[in-house]
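Working through the structure, step by step
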Amino acid sequence: MLFRSDPGVTLYGIVSSAVRYTSNIDARHHDQLALVSGGMVGSRFGLKGSEDLGGGNRAIFQLESGFGSDTGQASYNSFFGRQAWVGLSGDWGSLTFGRQYNALNNIGWAFNPLAQGWGVFWSDPVYIGGDIFFQDYRINNSVVYQRTVGPFSVQLDYGAGEQPGSMNHGTTLGGGVKFTSRVEATYVLRYDRDTAAGIQRFAGTFGPYDLSSGNGTPRIRGNWQNTLDFGDYTISATAYYVGRIKEVATDQGNLSTSCAANLYKVAASAPGYEKFCYVNSFINVDLNQTFRVGDDFTFFLNVKNLLDARAPVAPAAYASAPNFLTTWHYAGLIGRQFRAGATFRF
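Now for a quick tour of the structure.

So, how was this worked out
Residues numbered from 1 in each chain as written. Predicted model: local features only at pLDDT ≥ 70, side-chain atom pairs only at ≥ 80, totals over all residues. Heavy atoms only, no water. Pairing = 2+ DSSP bridges. Helix = DSSP H or I, 4+ residues; strand = E, 2+ residues; numbered from the N terminus. Salt bridge = Lys/Arg side-chain N within 4 Å of Asp/Glu carboxyl O. Buried < 20%, exposed > 50% of the residue type's maximum accessible area, 1.4 Å probe, protein only. Disulfide = S-S within 2.5 Å. Contact = heavy atoms within 4.5 Å. Phe/Tyr/Trp six-rings, centres within 6.5 Å; stacked < 30°, edge-to-face > 60°. Lys NZ or Arg CZ within 6 Å of the ring centre and 35° of its normal. Core = buried A, V, L, I, M, F, W, Y, C linked by side-chain atoms within 4.5 Å.

As for the pairing of strand β16 (residues 220–229)
Successive residues of a regular strand alternate their side chains across the two faces of the sheet. As judged from the six bridges shared by strand β13 (residues 172–187) and β16, these two strands associate in the antiparallel manner. Looking across to β16, one finds that E184 is bridged to N223. Note: β16 against strand β17 (residues 233–242), nine bridges, orientation antiparallel. Directly across from T227, in β17, lies its bridge partner S236. Between the end of β16 and the start of β17, which pair antiparallel, lie three residues, with G231 showing a positive phi angle near 85°.

Structure representation (structure tokens):
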């Protein structure tokens with residue numbers, strides 16, 4: 001639920017309730033039917049906003065209150081118990097003051113596997129002093145610095161104890177670093193063709209041999225991308241992976257997928273015939289850079305196959321492309337490439 005009362009202010013909220021039935025709630029065979037708040041997430045409402053200060057800087061704030069949708073009582077023994085802070089933000093990051101989430105929440109628990117795409121993170125939130133695990137991942141009287149550059153996010157936070165006679169009692173000091181990147185992977189569970197002669201199994205092999213021009217169906221493929229964005233300059237590296245492929249094809253007159261059925265026709269009695277059973281896996285990396293001169297003009301510099309990876313040999317490849325699988329390993333046949341150019345929008 002979102003309402004806008006001012007161009008820079010947003011009123012938002014969630015109301016969540018559920019009916020809960022519990023059997024044998026007191027271990028005496030007594031059941032309970034209850035209306036509870038927060039069936040999936042906690043109910044809340046809040047205000048957040050920002051104001052442009054010029055020079056790329058903004059004044060920002062957020063006030064968020066939690067409440068029980070079943071009784072109307074405020075959560076966390078405070079009206080704005082979830083969040084209450086004000087601060088500044090810009091290209092340098094953000095600096096905020098008030099009651100806010102610590103790095104244990106923003107860094108250590110920030111992974112969302114249900115978000116669009118799939119990401120991984122590494123984090124190391126560290127805390128000194130204070131009862132951090134009894135503060136519900138929020139710090140009162142705190143100063144928090146946050147910044148994100150490409151896949152890296154950092155947070156440093158300090159919570160003043162404000163205890164008379166002591167500068168340290170109740171004080172917390174902590175922070176964390178998070179690395180987030182994009183990973184995509186494909187795993188072929190089955191790829192079969194049912195024929196009168198039997199079932200032809202293609203996953204992870206050179207099959208279907210004729211249909212794929214001898215390039216087959218690798219069982220595992222994937223890519224891993226990381227990007228650093230510095231405003232007008234962006235650099236991105238993407239690694240591509242193709243798993244090993246078995247040099248057999250069940251649509252070539254033999255339904256067996258054993259190494260003895262390899263298409264290179266090396267007899268199982270020959271020394272080292274297993275070497276002709278698989279085409280090795282292949283990894284190559286591309287590097288892309290863009291330099292934005294203005295809203296409509298951009299230079300780019302791309303390096304394909306940055307590490308000059310060589311394509312693995314495939315002795316049983318199709319006759320039109322002997323010894324190599326051009327569909328999956330083309331970058332390794334060409335070698336390192338450099339491309340530079342410009343894009344103009346009008």
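After that view, the rundown keeps rolling.
A word on the pairing of strand β11 (residues 138–149)
In terms of strand pairing, strand β8 (residues 93–101) meets β11 through seven bridges, oriented antiparallel. Note that in β11 the partner of F97 across the bridge is V143. Hairpin connection between β11 and strand β12 (residues 152–159): a loop of two residues separates the two successive antiparallel strands, and G150 in this loop has a positive phi of roughly 60°.

Focus: the pattern of salt bridges
The tally for this structure, following the rule as stated, stands at seven salt bridges. For R190, the salt bridge goes to D192, with nearest N and O atoms at 2.8 Å. On the basis of relative accessibility, which here comes to 64%, the residue R190 falls in the exposed class. Judged by its relative accessible area of 27%, D192 is partly exposed. Measuring nitrogen to oxygen at the nearest pair gives 3.9 Å for the salt bridge that ties D308 to R310. Residue R310 is classed as exposed on the basis of its relative accessible area of 64%. One network of salt bridges, in which partners are shared, links R190, D192 and R201.

Side note on the state of the cysteines
One pass over the full model with this rule turns up one disulfide. Disulfide pairing is shown between C259 and C277; the S-S distance is 2.0 Å. Between C259 and C277 the disulfide shows an S-S torsion of about -75°. By sign, it is left-handed. Note that C259 is positioned in the loop between β18 (245–246) and β19 (278–279) and C277 in the loop between β18 and β19, a separation of 18 residues in sequence. On the accessibility criterion, C277 (1% relative accessible area) is buried.

As for the environment of S281
Tracing the sequence through the fold places S281 in the loop between β19 and β20 (282–292). Residue S281 is classed as partly exposed on the basis of its relative accessible area of 37%. Each C-alpha atom, one on S281 and one on V242, is 5.6 Å from the other, the two residues being 39 residues apart in sequence. Setting aside residues no more than four positions away along its own chain, S281 makes contact with Y241, V242, G243, R244 and P312.

Things to note about the packing of aromatic side chains
Two aromatic rings are characterised by how far apart their centres lie and by the angle between their planes. Applying the stated rule across the entire model yields ten aromatic pairs. Ring pairing ties together the aromatic residues F45, F67, F79 and F80, which thus form one cluster. Residue placement shows R244 over the ring face of Y278; its charged tip is 3.6 Å from the ring centre.

What to know about the nonpolar core
Residues F206, Y209, I245, A249, L263, V279, A314, A316, A317 and L325 constitute the largest nonpolar core, which totals ten residues. What A317 contacts, discounting residues up to four positions off in sequence, is F206, Y209, P322, N323, F324 and L325.

On their own, these measurements won't tell you what the molecule is for.
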